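Notes for the structure review
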Amino acid sequence: MSRQKQPSAAAELTDGQILGYTPATAPKLPTVNFRLCDAALCRAVAANLPPDSLYRMDDTYLTIEHESRVDQKGETVRCLVRRPMSAARFCSWIEGHMRFRSSADPEAAAVSLNKATAEKILASDALRAAVPPIREICDVRLPVWGPEVDGRRTIRLAPVGYDPATRIYTADSVPWDSSKAYPPQSIAKSLHHILHEFPWSEEEGFMRSRSVACFIAFMAGQFARHLIDRHPLVLFNANQPGSGKTLLACLGLSPTVGNPDITPFSKDDESLRKMLFSQLLAHAPYVLIDDLTTLTSPTINQFATSSTITDRLLGGNAMMRAENRMQIIGTGNNLATTQDVERRALIIDLFVREKATERDIERPLSAYLFARPAWRAGMLQALWSLTKAWADAGCPDLVKGTAMPSFESFAEVAGSITVNAGFISPFTKRETVTEGGDMRGRTLEMLLAAIAGSILPAQEGGPHTGLTMEFKVAEILETAAEQGWDDIVTTGKDKAKSLGQQLRKLRGRIFRDTLGRRFEFGRRKEAACSTYPFRIISEPMR
């Protein structure tokens, strides 16, 4: 009578148990017969793949890992790392989840997956069907739509981990207490404390400022982006460098993304298109482009309005079609906007009346501060409070979708959250504000300072503050000619017209004259003028 072959004890153990770093009582890994036909092998791997181990974005497989790191200031930061799954990596990665044997015999020799077989498995329909698809990966919890109740929309927070209903993977890298929500009035007061030193263009006050409302809608839109189909272009437009436009853009993005990536503006449209399309294929929720010099780019217009984009993949001729839910954010100085741009953009205007580099800021802010977990947690709490207050009111359409055609869901959600918090509609009519710069701009400032310096009290020793005189463009041009500056501050044959165009950009600015007095030039809200007032607003420097 032949003895039946018994499997050895070692054959029942995993590699980790044999090496001694996994308890012997730990569950064994499933075993797959490597000699199965290709289709059966692919099905076996797919069937034995543990849940939440592998994900798919379009046709790319990836794993999501949670890491902690210590930043330069010693603060622990938790983050998500997405690693693409190549065939070479799959060979070793899969051994942590299942074992392969050379036959169905339990004592058959263990084998390793080769790259060619790994490629077949990764390309199989069986694995594609078994791996959950991901639309977006978030490192913080954001709101998503819940089930309707009595015909009314409801909002819930995305659960931590993979949510099959939304196809969103959410981590809790920045924990915050979603059970607490504060009144919108309290949140608005806190936001005013944070934002009041930014040079908002409008003078109607914080809660009545169109640019402030646009910024709140932008920040609320990023937080509630899973509730919105498409996001408009956002522009931070300042009248001079150093106004804080890039810092403000980082502040708006930081609650949801931490320290945002900043991309310089591509000088040619082809490079810009390649960059934007690669970000789109990576499912990036935003692209922040710094220092835009023009808004006439057909690529920006297309990516800002099209729901899908088709283009060639880098390094080949294969065409790829991608859903476009990415928000383009740009910063620039004195950006010339058209009705076509304003129709598809949320424009936040900053207007520094004095020299931007001479501002005295009481509470300097920084991008590092915005990326700190404590700051992000507080801002997420504030944004959740504003969103929940709107949801508790029944998600009313306080701003109609027609306020921004092509971006109706943004208007209805982000706009309504903003108005529900007590701010004005972010789609209120905008005033255009621009300003000159570089050598011509500096020479214009010297010219105006010289003219203002000639305005003196009627009697010696009299007060200077409040003195006002008006000068025509021809008179200002005459002074420029006397100083030898007329060729610098004007272009073309019609010098008076050229100078007038430059002066209109400086209306409402505050400068210092040759006596050290602060003076205001022009009136900001005049549509066109040929006479400009110079108003002295301080006494001479002693």
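Below or above, wherever it landed, is the structure these notes cover.

Parameters at a glance
Residues numbered from 1 in each chain as written. Predicted model: local features only at pLDDT ≥ 70, side-chain atom pairs only at ≥ 80, totals over all residues. Heavy atoms only, no water. Helix = DSSP H or I, 4+ residues; strand = E, 2+ residues; numbered from the N terminus. Rg over C-alpha atoms; globule rule 2.2 N^0.38 Å. Buried < 20%, exposed > 50% of the residue type's maximum accessible area, 1.4 Å probe, protein only. Contact = heavy atoms within 4.5 Å. Lys, Arg positive; Asp, Glu negative; His and termini not counted. Charge placed at Lys NZ, Arg CZ, Asp CG, Glu CD. Pairing = 2+ DSSP bridges. Axes fitted to C-alpha atoms, helices over the stretch in contact; angles between N-to-C directions. Phe/Tyr/Trp six-rings, centres within 6.5 Å; stacked < 30°, edge-to-face > 60°. Polar contact = N/O pair within 3.5 Å; in protein donor to acceptor, adjacent residues only side chain to side chain. Salt bridge = Lys/Arg side-chain N within 4 Å of Asp/Glu carboxyl O. Expected span 1.5 Å × (residues − 1). Parallel < 35°, antiparallel > 145°, perpendicular 65-115°, else oblique. Left-handed = near helix turned anticlockwise from the far one by under 90°. Nonpolar A, V, L, I, M, F, W, Y, C, P; charged D, E, K, R; others polar.

To continue, consider the overall build of the chain. Assigned secondary structure in the chain consists of 18 helices and 22 strands. Over its C-alpha trace the chain gives a radius of gyration of 31 Å, far above what one expects of a compact globule, namely 24 Å for 542 residues. Along the first, second and third principal axes, the C-alpha atoms of the chain reach 130 × 50 × 45 Å. Within the chain, the fraction of its 542 residues that count as buried is 49%. Sequence separation of at least 24 residues holds for 71% of the intrachain contacts in the chain that already meet a minimum separation of 6. In the chain, which carries 66 positive and 62 negative side-chain charges, the distance between the mean positions of the two groups comes to 3 Å.

Relative to the helices and strands, Ser266 is located in the loop between β13 (262-264) and α9 (269-281). Taking the C-alpha atoms as reference points, Ser266 and Val174, separated by 92 residues in sequence, lie 33 Å from one another. Discounting chain neighbours no more than four positions away, the residues touching Ser266 are Ser271 and Leu272.

This part is about the sheet that holds strand β11 (residues 168-170). Strand pairs in the sheet, formed through backbone hydrogen bonds, run parallel or antiparallel to each other. Taken in spatial order, the three strands of this open sheet run β7-β11-β10, and their pairing is mixed. Single-partner strands in this sheet number two, and they are β7 (136-138) and β10 (161-163). The mean inter-strand angle of the sheet, taken between neighbouring strand axes irrespective of direction, is 20°. Pairing geometry for β7 and β11, over three bridges, is parallel. Residue Glu136 lies in a different strand from β11, and its bridge partner there is Ile168.

Attention now goes to unusual backbone geometry. Backbone geometry places Asp52, a non-glycine residue, at a positive phi of 60°. Mapping Asp52 onto the fold places it in the loop between α2 (38-48) and β2 (55-57). Look at Asn334: it is not a glycine, yet its phi comes out positive at around 55°. By secondary structure assignment, the location of Asn334 is in the loop between β17 (327-333) and α11 (339-344). Assessed through its relative accessible area of 23%, Asn334 is described here as partly exposed.

Applying the stated criterion across every chain, the model contains 18 aromatic pairs. Each ring, one from Trp200 and one from Phe215, has its centre 6.1 Å from the other, and the planes form 50°; the classification is tilted. Here Trp200, found in the loop between α6 (184-195) and α7 (210-223), pairs with Phe215, found in helix α7; they are 15 residues apart in sequence, far enough to count as distant. Since its relative accessible area comes to 11%, Trp200 is described here as buried. Put simply, the rings of Phe471, Phe511, Phe519, Phe521, Tyr532 and Phe534 pair up and form one aromatic cluster.

The subject of this paragraph is the side chain of Ser124. Tracing the chain through its elements places Ser124 in the loop between α4 (115-122) and α5 (125-130). In terms of polar contacts, Ser124 uses its side chain to reach the backbone amide nitrogen of Leu127, at 3.2 Å.

The five strands are arranged β13-β14-β17-β12-β18 in an open sheet whose pairing can be described as parallel. In the strand order of this sheet, the two ends are held by β13 and β18 (345-350), each with one partner. Recorded for the sheet is a direction-independent mean angle of 25° between the axes of neighbouring strands. Pairing of strand β14 (residues 286-292) with β17, which is carried by five bridges, proceeds in the parallel orientation.

By the definition in use, this model includes 22 salt bridges. Between Arg156 and Asp163 there is a salt bridge, and its shortest N-O distance comes to 3.1 Å. Assessed through its relative accessible area of 7%, Asp163 is described here as buried. With a shortest N-O distance of 2.7 Å, Asp513 and Arg517 are connected by a salt bridge. Both residues of the pair, Asp513 and Arg517, belong to the buried class. Via salt bridges that share partners, Glu202, Arg210, Glu342, Asp349 and Arg430 belong to a single interconnected network.

Residue alternation in strand β15 (residues 308-312) divides its side chains into a buried set, Ile309 and Asp311, and an unburied set, Thr308, Thr310 and Arg312. Of the strand pairs in this sheet, β15 and strand β16 (residues 319-323) are connected by five bridges, and their pairing is antiparallel. Note on β16: the bridge partner recorded for Arg312 is Met319.

Before going further, it helps to examine α9. With 13 residues, α9 should reach 18 Å at 1.5 Å per residue; the first-to-last C-alpha distance of 18 Å fits that figure. Residues of α9 that are buried sit in contact with β13, β14, α10 (298-305), β15, β16 and β17. Phi turns positive one or two residues past the end of α9, at His283, with a value near 60°.

Along α2, the residues that are buried comprise Ala40, Leu41, Cys42, Ala44, Val45 and Ala46. In this fold, the buried residues of α2 make contact with β1 (31-33), α3 (87-93), β5 (99-101), α4 and α5.

Relative to the elements of secondary structure, Asn324 occurs in the loop between β16 and β17. Within the structure, Asn324 has its side chain in polar contact with the backbone oxygen of Phe303 (distance 2.8 Å). Among the polar contacts listed, one links the side chain of Asn324 to the backbone oxygen of Ser306, at a separation of 2.7 Å. Not counting residues within four places of it along the chain, the set of residues in contact with Asn324 comprises Arg230, Leu280, Phe303, Ser306, Ser307, Thr308 and Ile309.

To continue, consider the environment of Asp487. If you trace the backbone, Asp487 turns up in helix α17 (residues 486-489). Spatially, the C-alpha atom of Asp487 lies 9.6 Å from that of Arg440, the residues being 47 residues apart in sequence. Here the side chain of Asp487 touches Lys495 through a polar contact of 2.9 Å, side chain to side chain.

Turning to the packing of α7 against helix α8 (residues 245-257), a few remarks are in order. Helix packing for two helices is described by the angle between their axes and how far apart those axes are. Taken N-terminus to C-terminus, the directions of α7 and α8 make an angle of 25°; their axes are 8 Å apart at the nearest point. The angle between α7 and α8 falls in the class roughly parallel. Between α7 and α8 lies a crossing of right-handed hand. From α7, Phe215, Phe218, Met219, Gln222 and Phe223 reach across to α8, where they touch Leu248, Ala249, Leu251, Gly252, Leu253, Pro255 and Thr256. The residue inventory of the contact of α7 with α8, partitioned by class, reads nine nonpolar, three polar and no charged.

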